[in-house]
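Listed here are the chains, written in short residue letters.
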Amino acid sequence: DGGITQSPKYLFRKEGQNVTLSCEQNLNHDAMYWYRQDPGQGLRLIYYSQIVNDFQKGDIAEGYSVSREKKESFPLTVTSAQKNPTAFYLCASRDGGPSGREQFFGPGTRLTVL
Amino acid sequence: SQQGEEDPQALSIQEGENATMNCSYKTSINNLQWYRQNSGRGLVHLILIRSNEREKHSGRLRVTLDTSKKSSSLLITASRAADTASYFCATDAGYNQGGKLIFGQGTELSVKP
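Residues numbered from 1 in each chain as written. Chains lettered and ligands numbered in written order. Predicted model: local features only at pLDDT ≥ 70, side-chain atom pairs only at ≥ 80, totals over all residues. Heavy atoms only, no water.

Trainee: Run through the interface of chain A and chain B, naming residues and quoting values.
Mentor: Listed by partner, the interface residues are 26 residues for chain A and 26 residues for chain B. Approximately 2,000 Å² of surface area, both sides summed, lies buried where chain A meets chain B, with 49% of it carried by carbon and sulfur atoms. At the junction of chain A with chain B, the criterion picks out zero salt bridges. Counting the contacts that link chain A with chain B gives four residue pairs in polar contact (both at pLDDT 80 or more). Among the secondary structure elements, those contributing two or more residues to the side of chain A that touches chain B are strand 4 (31-37), strand 5 (43-51) and strand 9 (87-94) of chain A. (Contact = heavy atoms within 4.5 Å. Buried area = accessible area lost by both parts, 1.4 Å probe. Salt bridge = Lys/Arg side-chain N within 4 Å of Asp/Glu carboxyl O. Polar contact = N/O pair within 3.5 Å; in protein donor to acceptor, adjacent residues only side chain to side chain. Helix = DSSP H or I, 4+ residues; strand = E, 2+ residues; numbered from the N terminus.)

Written out as structure tokens, the structure is:
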């Protein structure tokens, strides 16, 4: 059963803590993406990776970090430097090569800072 | 940055009616995509239209693209209660931009039975 999984579904964090959100795909996609969604808003790009061991900052990378050690995994760490981390986080993947291809999304992780 | 602006922000219709959502964007694109999001869930791809296409159909969906006006519209015909969701347009500037998508703020559609 191919797809993208994200865990956990809900995550609670105390102020000052780092937390890591998991994203795994078995679609054999080269590119992976992390988005943040605030209530009633569209998605904003945090980081993306077009190939293993390489990634680039998106529009709102401050306070976040990522790694891409394996093709199927693209974890996102929300650091204590992120001032307002409460949001819905979505991971996506896309087949590599020329554009014109859709992104496939995971079910999301809802992060709440207590 | 959010390139797309969607109009209306919210739309409420009766089952069986048509729903039209509009999207405007600012820069040149390779293609434009429409996605659907049910509350609290991930996004699902609906349809992609390339910059050299003007209209595309998929089932009850019809998408138009006017690159001279930098705008697109999504028409859902004969709507159903199950179509209730948020709909987002997303622009793709091309592979040299990493295949990144820039999303609009979405239209929240409510279809009443």
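Trainee: Explain the pattern of salt bridges residue by residue, including any values.
Mentor: For side chains bearing opposite charge, pairing can occur when the charged atoms are close. Counting across every chain of the model gives seven salt bridges over all chains. Across the pair lysine 71 of chain A and aspartate 30 of chain A runs a salt bridge whose closest N-O atoms are separated by 3.4 Å. Linking lysine 71 of chain A in the loop between strand 7 (64-66) and strand 8 (76-78) with aspartate 30 of chain A in the loop between strand 3 (19-25) and strand 4, this pair joins segments that are 41 residues apart in sequence. Notably, a salt bridge pairs arginine 62 of chain B with glutamate 55 of chain B, separated by 3.1 Å at the nearest N-O pair. Each member of the salt-bridge network shares a partner with another, and the members are Arg36, Asp38 and Arg44 of chain A.

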